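Tertiary structure, described
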Amino acid sequence: MKSTTVLLTALAPVSWGTTYAVTSEFLPPDRPLFTGLMRALPAGLLLLALTRTLPRGAWWWKAGVLGALNIGVFFPLLFLAAYRLPGGLAAAVSSAGPLFVLGLSALLLRERATLRSLLTAIAAALGVTLVVLKAAGALDLLGMTAAVASTASMSAGTVLTKRWGRPEGAGPLALAGWQLTAGGLLIAPIALLAEGAPPALDTHAVAGYLYLALANTALAYWLWFRGITRLSVTQVSLLGSLSPLTAAIVGWAALGQSLTALQLVGMGVALGATVIGQLRPAARATTSVPRERELHRV
């Protein structure tokens, strides 16, 4: 059952890894915020319509906070970093997400990082860096700040999603709908001010936005939040490494981009660290629970 949950959760970052190819091949150029809006808001409204469940009580502001961290703040900062930083550096910075999660988990969830979890997080970040990082010119301070802030935002959203769980009567589908709607509403005025009126859309663009809204966002974020409720946050965050790896594979297979031997080594390192990161929490759970029960009995 847990392996099935891991595989289903992994589909989310795999889907996100196709975003660059779809954006470059199907969508209007230079409209990153509008693209973020079209990913988040239609998907959120669709999930709200399907679940017919609205937040109650404190979950109105909790959904707003999570929607901002996971969507509304994360998307604009991620796009800003991607546009201002040299090739692959934004993805390399984002690969440090598991390290952010380990630190935040210690503060908010009181989960102490093990040596293995720390090593797997470092190895995954190193592997992704070997895959995506290319030689480039001077660094941009604003771009670097945005990259670090976007990684911290998504990491904080992941940990808080685990800490707060979900209210009675609301499943992961409703939780995803709340966050996507809140995040999309936050992006909307920013997109309008920064990019102006929406662009004219042809058939290819409509198809691209439909894919991003339905498969890449509605389905993917439902699987992601479902995984957070069933797995440890370290497991989930390590699966995020699959996104840049998928982007590199899609670029090679569909866009004619090359893969060097060093990139292939990086893929192996990142995948190996991700797999090891999935195995560790399950082993700990089966050994620690009986001991706790024995202590309570004593």
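Just so we're clear, the structure is a prediction, and the values are computed from it rather than from any experiment. (Residues numbered from 1 in each chain as written. Predicted model: local features only at pLDDT ≥ 70, side-chain atom pairs only at ≥ 80, totals over all residues. Heavy atoms only, no water.)

Under the defined criterion, the tally for this structure stands at 8 aromatic pairs. Relative to Tyr209, the ring of Phe34 lies with its centre 5.5 Å away and its plane at 90°, an arrangement referred to as edge-to-face. Here Phe34, found in helix α3 (residues 32-51), pairs with Tyr209, found in helix α11 (residues 203-230); they are 175 residues apart in sequence, far enough to count as distant. Here Phe34 and Tyr209 have matching classes, each one buried. An aromatic cluster of three or more residues is present, and its members are Trp16, Tyr221, Trp224 and Phe225. The ring centre of Phe34 lies 6.0 Å from the NZ or CZ of Arg31, which sits over that ring. (Phe/Tyr/Trp six-rings, centres within 6.5 Å; stacked < 30°, edge-to-face > 60°. Helix = DSSP H or I, 4+ residues; strand = E, 2+ residues; numbered from the N terminus. Buried < 20%, exposed > 50% of the residue type's maximum accessible area, 1.4 Å probe, protein only. Lys NZ or Arg CZ within 6 Å of the ring centre and 35° of its normal.)

A few words on the confidence of the model for the protein chain. Close inspection of predicted coordinates is inappropriate in any region flagged by low pLDDT. Averaged over all residues, the pLDDT of the protein chain is 86; the fraction at 70 or higher stands at 91%. Across the protein chain, element-level confidence peaks in helix α4 (residues 59-72) with a mean pLDDT of 96 and bottoms out in helix α14 (residues 261-297) with 66. Note that residues 281-298 has pLDDT below 50 and, in this model, 4 contacts with residues that lie over four places away or in other chains. (pLDDT = per-residue confidence, 0-100. Contact = heavy atoms within 4.5 Å.)

This part is about unusual backbone geometry. The phi dihedral of Arg52 is positive, around 55°, even though this residue is not glycine. Its relative accessible area of 77% is what places Arg52 among the exposed residues. You will see that Arg110, though not glycine, has its phi angle at about 55°, which is positive. With respect to the helices and strands, Arg110 occurs in the loop between α7 (97-109) and α8 (115-132). Owing to a relative accessible area of 77%, Arg110 belongs among the exposed residues under this scheme.

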